[in-house]
Amino acid sequence: MKRAIIIGATSGIGQEVAKTLLLEGWKLGVAGRRRFSLEIFQQIAPDQIEIEELDITQEEATDKLQILINKLGGMDLFLLSSGIGYQNINLDSKIELDTARTNVEGFIRMVDSAFTYFKENGGGHLAVISSIAGTKGLGVAPAYSATKRFQNTYIDALEQLVHLQRLNIYFTDIRPGFVATALLNDGKHYPMLMKADKVGYSIVKAIKRKQRVAIIDTRYRILVFFWQMIPQWIWKRMPIKTN
Ligand SMILES: NC(=O)c1ccc[n+]([C@@H]2O[C@H](COP(=O)([O-])OP(=O)(O)OC[C@H]3O[C@@H](n4cnc5c(N)ncnc54)[C@H](OP(=O)(O)O)[C@@H]3O)[C@@H](O)[C@H]2O)c1
């Protein structure tokens with residue numbers, strides 16, 4: 001039975017991926033800060049699910065990841081879904097810095113920890129949920145878009161490191177467009193909103209294919225293709241916002 005660890009599975013995309021993997025017979029280790037949500041989720045299939053309460057912004061999170069791996073008896077797939085994001089046109093510094101703390105500091109902590117585990121244990125598959133928001137700087141969400149770009153580049157860098165060190169680690173950088181989850185539950189209107197369960201299913205498909213970069217879904221693949229071609233002098237004038 002294959003074993004996956006999902007950090008950030010107490011709600012949203014991470015939990016939907018967890019449900020799909022469960023149906024496919026995987027053994028799961030799931031984590032997040034909300035213990036109660038983890039306990040409820042574990043009740044779906046207590047023999048198949050291990051849980052661990054952890055906060056990726058805290059140093060002890062790496063020890064807790066190791067505890068979860070031990071409970072599971074090993075790890076074949078690591079998925080980091082934890083993340084926060086807000087629109088912040090007034091540049092509230094708490095929001096900007098909290099976003100960096102979770103999406104950059106916490107991201108590095110957990111991804112490096114999983115990388116080291118795979119390096120020391122013969123290899124594995126390391127996947128992260130970043131976002132299409134990393135394609136370009138978004139004026140309405142500076143820290144969110146910049147931290148997501150950071151995540152894309154960090155995974156590119158680790159892939160090169162794997163080649164340098166001749167390791168057996170695969171990467172999947174998952175970049176969804178807007179998904180109906182708590183992250184976007186701010187009363188604003190988001191166009192082309194996708195259902196979280198469908199997104200979870202598409203992500204599992206991409207992971208099984210060992211896709212290196214997976215933009216979810218086709219409409220967003222087209223959007224990103226055109227966004228990438230827009231020069232900065234035009235981009236800065238584009239009224240990209242939600243109401
Ligand atoms: N929704 C979208 O439109 C969208 C689009 C593209 C990418 N994404 C990305 O998808 C990922 C999941 O977001 P979502 O949309 O599924 O929203 P969500 O339902 O709010 O899920 C966020 C998850 O991150 C976990 N998390 C947040 N801070 C954490 C911390 N300090 N330590 C551990 N876990 C933490 C939360 O668990 P706890 O609160 O229990 O800790 C929760 O499980 C994020 O990285 C987000 O940037 C979302």
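Residues numbered from 1 in each chain as written. Predicted model: local features only at pLDDT ≥ 70, side-chain atom pairs only at ≥ 80, totals over all residues. Heavy atoms only, no water.

- As recorded in an unreviewed UniProt entry, the protein goes by the name Short-chain dehydrogenase, listed as coming from Bacteroides faecichinchillae.
- Recorded in UniProt under Sequence similarities (unreviewed entry), the annotation for the protein is "Belongs to the short-chain dehydrogenases/reductases (SDR) family." (UniProt positions renumbered as here; feature names shortened; annotations may be inferred.)

Quick word on the site of the ligand
- Near the ligand there are 31 residues, and of these T10, I13, R33, Y144 and T181 occur at the shortest range.
- Within the backbone of G8, an N or O atom sits 3.3 Å from an oxygen atom of the ligand.
- For the ligand, the accessible surface in isolation is 870 Å², of which the surrounding protein chains cover 95%.
- Residues that form the shell around the ligand fall into these classes: 13 nonpolar, 14 polar and four charged. (Near = heavy atom within 4 Å. Polar contact = N/O pair within 3.5 Å; in protein donor to acceptor, adjacent residues only side chain to side chain. Areas by Shrake-Rupley, 256 points an atom, 1.4 Å probe, with all protein chains shown as cover. Nonpolar A, V, L, I, M, F, W, Y, C, P; charged D, E, K, R; others polar.)

Observations regarding the sheet that holds strand β5 (residues 124-129)
- Strand order in this open sheet of seven strands is β3-β2-β1-β4-β5-β6-β7, and the pairing throughout is parallel. One side of each edge strand has no neighbouring strand; the edge strands of this open sheet are β3 (49-53) and β7 (213-216). Recorded for the sheet is a direction-independent mean angle of 15 degrees between the axes of neighbouring strands.
- Along the sheet, helix α1 (residues 12-23) makes contact with β1 (3-7), β2 (27-32), β3, β4 (77-80), β5 and β6 (169-176), crossing β1 at roughly 165 degrees. (Pairing = 2+ DSSP bridges. Helix = DSSP H or I, 4+ residues; strand = E, 2+ residues; numbered from the N terminus. Axes fitted to C-alpha atoms, helices over the stretch in contact; angles between N-to-C directions. Contact = heavy atoms within 4.5 Å.)

What to know about unusual backbone geometry
- The step from I216 to D217 runs through a cis peptide bond, and the omega angle for that step is 0 degrees.
- Mapped onto the elements, D217 comes out in the loop between β7 and α7 (218-229).
- One non-glycine residue, M192, lies in positive phi territory at about 50 degrees.
- Following the sequence through the fold, M192 ends up in the loop between β6 and α6 (196-208).
- Judged by relative accessible area, M192 falls into the partly exposed class, the value being 31%. (Buried < 20%, exposed > 50% of the residue type's maximum accessible area, 1.4 Å probe, protein only.)

Some points on α6
- For α6, built from 13 residues, the straight-helix expectation of 18 Å at 1.5 Å per residue is met to within 8% by its first-to-last C-alpha distance of 18 Å.
- Listed in full, the buried residues belonging to α6 are A196, V199, G200, I203, V204, A206 and I207. Buried positions in α6, seen along its axis, are confined to an arc of 160 degrees and lie on one side of it. Facing away from the buried side of α6 by more than 90 degrees, the exposed set consists of K198 and K208.
- Buried residues in α6 make contact with α1, β4, β5, β6 and β7.
- Two residues or fewer past α6, K210 is found with a positive phi of approximately 55 degrees. (Expected span 1.5 Å × (residues − 1). Arc of directions from axis to C-beta.)

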